[in-house]
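Coordinates in review
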Amino acid sequence: MTKEISRRSFLGLGAAAAAMGSMAALSGCTPKTPDASLSETGGQDTGEAGTSWLGTEPEIAEGDITSTEETGLLIIGAGTAGLAAAATAADLGLDFMIADKNTMVQDTREYFGAVNTKYTKEAGQEVDKIRTMNEIARYSNGRTNRAVLKVWLDESAECFEWVDELVQKATGKELYLEIAPDLTDHGYFAPTVNHMHAPYYSGVMRNEVLQQHIEEAGQSIAFGYELVKLVHADGKVTGAIFNTDAGYVQVNAKDGVLLATGGYAANPIMMEALQPNVSKCVTANSYSMVCDGSGIKTALWAGAAMDEVPCPMIFNRGAVDVGVDAGYIGSGEDAIFPGTIFQLNMGSQPFMAVNRKGVRFTNESLPYDNICNASAMQPGGVWCQIFDANAPEDIDRFAQAGCARLTTDAIRKGAAIDDLCASALEPGIMKKADTLEELADMLGFEGDAKQAFLAQVERYNELYDAQQDEDFGKEPHRLSAIRKAPFYGCWYGGSLLTTIDGLTINEEMQVLDTEGNIIEGLYAAGDCSGSLFAGTYPEYVVGLACGRSSTQGRHIARRIAGDL
Ligand SMILES: Cc1cc2nc3c(=O)[nH]c(=O)nc-3n(C[C@H](O)[C@H](O)[C@H](O)COP(=O)(O)OP(=O)(O)OC[C@H]3O[C@@H](n4cnc5c(N)ncnc54)[C@H](O)[C@@H]3O)c2cc1C
C-alpha cells in the first residue's frame with residue numbers, strides 16, 4: 001500500500017466521499033526532498049533525548065541560491081490559514097507572496113466554526129462566548145491561551161461572513177447553519193457555530209474560490225516552493241529559502257513570514273516521538289500527505305517553542321477487519337496505519353461497543369476520540385460496534401452532532417444501512433448475520449470471549465429496556481436494543497486526521513521562543529500553530545479547527561495592513 005492510495009474517505013459515506021475533491025488534490029501532490037540532509041530525520045540526531053525527529057537545520061551556501069525575491073508578507077502554505085491570509089492581503093492591497101510545495105491548493109474543509117455570525121443571530125442561536133471559551137479550555141485541561149482563543153471568538157463572524165460572500169458569489173452555493181443539539185445531559189456544551197456551504201463537498205470549493213480571488217487581484221500562488229529553512233539571525237526572521245524546480249530560491253520578506261504549513265500527521269517519525277498514544281489506538285490514515293511538520297521544524301530551528309502536550313485529531317471511524325491491531329505498519333518515514341477504509345462514518349454512531357474479550361469498556365456517546373483513547377488500553381487497541389435491523393430508527397433518535405450527523409441526515413432521507421456501509425460490507429470488513437451466534441463467530445469471538453459477547457448483548461438489552469445505563473452512564477436516548485435480525489458488527493480503531501499542537505504563539509500569532517520572547521518577523525496560523533489545544537480536539541465546537549485557522553490567517557493580514 002502506498003501513501004498516495006491511503007487517504008480516501010473523510011466521510012465514509014460512499015457517495016459523499018466520491019464527491020470530495022480532496023482525493024484529486026493528493027494525486028497532484030509531489031513534495032520534493034531537496035537533499036539528504038532534509039529527509040525526515042536527516043539521518044541526524046541532535047543528541048538530546050527525544051528530539052532526533054527534529055534533525056538539524058540544513059546549511060545552504062549563498063552560492064547555491066539560484067535567485068532571490070523580495071516581498072512584504074511571505075505566506076507559506078496555501079491551505080485554510082494561508083489562503084485566508086493571502087485573500088485578505090489581496091483585498092487590502094498588501095505587498096505579499098504566497099508559496100506552497102504542492103501543485104494545487106490544499107483540500108477545503110467544509111465544516112467552518114464561527115461565533116455569532118449574522119446567520120446564527122437570525123436563527124436565534126446567539127452563542128455565549130465566555131461559556132464557549134471555558135468549554136474549550138476545559139478540553140485542554142487549562143492549556144488554552146485564552147487571548148489566542150479570543151481572536152476566534154471575536155473575529156470569526158467577520159471572517160466567515162467575508163468568505164461566505166465570496167463563496168456564494170462564485171459558486172451559487174447556499175449557507176447551511178447547523179443548529180447544535182443540546183448535549184447538557186451528558187455533560188458537554190455544544191454551541192451553534194458550524195457553517196457549511198451546500199451542496200457539501202461538491203463543485204467549486206472554498207479554497208479554490210480564495211485562489212481565484214487572489215488571482216483576480218493579480219497575484220498567483222507560487223506552487224512547487226518547498227520551504228526548507230527560515231532566514232533568521234539574532235531572534236529575527238527576515239525570509240525563507242525554498243527548494244524549487246529552479247533550485248533554491250530565497251525570499252526576503254520585510255513585513256514578516258507567516259507559517260501556515262499545517263500539522264505533522266503525515267510524519268510517522270514525529271508522531272511516534274511526540275504522540276505515542278496515537279499508535280496505540282489508530283488504524284486508519286485520513287491525514288493529508290503534505291502535512292509532514294516540515295514548517296514546524298523550520299521554526300524550531302529558528303528558536304521557537306512548541307506545545308508540550310500533543311493534540312491529535314482522531315475520529316472513531318477506522319473500520320478494519322477481524323484481528324487487525326491498531327498501530328503503524330512498518331517503521332520510519334514510510335510507516336502507515338493498516339486500515340483500507342479511512343473513515344466509515346457509521347463508526348461515530350453510539351451503538352454498543354465491546355473489546356476483544358466481548359465486553360463493553362466505555363460510554364460510547366462521547367467526543368469521537370474518547371473511545372479511541374479508551375481502546376488504547378484494550379487488547380489490540382480496537383473495539384467492535386454492534387447494531388441490528390432497527391439501526392435507522394436508533395440513528396434518528398441518537399441525533400448526533402457535527403460530521404457524524406452525515407449518517408443521521410442520510411438515514412432521515414431514507415438511505416439504507418447496507419448502502420451507507422457498502423464500503424465495509426462489500427469487502428467483508430463489516431459483518432452481517434441472521435443470528436447473534438453467527439455474528440459472534442464472524443467477528444472472531446471464540447470460547448470465553450464468545451460467551452462474554454452474548455452475555456454483554458443481553459445485558460445491553462436490559463439497560464435499554466430499563467432506559468438507564470448503570471454500567472457507563474450513556475444517555476437513555478443513545479441506548480439501543482440488539483434483538484432484530486439482521487445483526488451487524490464491525491471492528492474499528494481511530495482514524496488520524498491532523499495534529500493541532502504546534503508552535504507557541506501570542507494573540508497576534510507571533511511565534512514565541514522558549515523563553516516567551518517574540519521571534520520578530522515570524523507568525524504561525526492554523527495547525528502548525530499551538531497554544532489552543534492539548535490532548536483532545538473540542539469536537540462539539542464543530543468546525544473550530546477550520547474556523548480558527550481561517551480567522552488567524554485573516555487576522556495577521558489585517559493587522560499588518562493596519563486594518564485592525
Ligand atoms: C480529511 C480532513 C477533514 C477535515 N475536516 C474538517 C472540517 O470539516 N472542519 C474543521 O474545522 N476541520 C477539519 N479538518 C481539520 C482542518 O483541516 C485543519 O485544522 C485546518 O484546515 C488546518 O489548516 P492549515 O492552513 O493549518 O493547514 P492546511 O490547510 O493543511 O494547509 C497546509 C498547507 O501547507 C503546505 N505545506 C506544508 N509543508 C510545506 C512546506 N515545507 N513548504 C511549503 N508548503 C508546505 C501544504 O502543501 C498545504 O497546502 C479536517 C482535516 C482533515 C485531514
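Now for the environment of phenylalanine 472. Relative to the elements of secondary structure, phenylalanine 472 occurs in the loop between helix 18 (447–466) and strand 15 (487–499). Accessibility expressed as a relative area gives 32% for phenylalanine 472, which makes it partly exposed. When the C-alpha positions of phenylalanine 472 and glutamate 364 are compared, they lie 8.6 Å apart, and in sequence the two are 108 residues distant. Sequence-distant contacts of phenylalanine 472, defined by excluding residues within four places in its chain, comprise Arg360, Phe361, Thr362 and Asn363.

Our next topic: helix 4 (residues 80–91). Every α-helical turn comprises 3.6 residues, leaving residues that sit three or four positions apart pointing alike. Here helix 4 contains twelve residues, and its C-alpha end-to-end distance of 17 Å stays within 8% of the 16 Å for a straight helix at 1.5 Å per residue. Most of helix 4 is tucked away: eleven of the twelve residues are buried. Every buried residue belonging to helix 4 is among Thr80, Ala81, Gly82, Leu83, Ala84, Ala85, Ala86, Ala87, Thr88, Ala89 and Ala90, and all of these are buried. Positioned one or two residues after helix 4, glycine 93 has a phi angle of 70°, which is positive.

With that out of the way, let us pick up unusual backbone geometry. Following alanine 198, the chain continues to proline 199 via a peptide bond in cis, the omega torsion being 0°. When you line up the elements, proline 199 lands in the loop between strand 5 (194–198) and helix 8 (206–216). Following alanine 485, the chain continues to proline 486 via a peptide bond in cis, the omega torsion being 0°. Locating proline 486 in the fold gives a position in the loop between helix 18 and strand 15. We note that asparagine 116 has phi near 60°; this positive angle belongs to a residue other than glycine. Looking at where asparagine 116 falls in the secondary structure, it is placed in the loop between strand 3 (112–113) and helix 5 (118–122). A positive phi angle, near 55°, is found at glutamine 467, a position not held by glycine. Mapped onto the secondary structure, glutamine 467 falls in the loop between helix 18 and strand 15. A relative accessible area of 37% means that glutamine 467 is categorised as partly exposed.

Conventions and cut-offs
- Residues numbered from 1 in each chain as written.
- Predicted model: local features only at pLDDT ≥ 70, side-chain atom pairs only at ≥ 80, totals over all residues.
- Heavy atoms only, no water.
- Helix = DSSP H or I, 4+ residues; strand = E, 2+ residues; numbered from the N terminus.
- Buried < 20%, exposed > 50% of the residue type's maximum accessible area, 1.4 Å probe, protein only.
- Contact = heavy atoms within 4.5 Å.
- Expected span 1.5 Å × (residues − 1).

Honestly, that's just the spatial picture; any functional story needs more than this.
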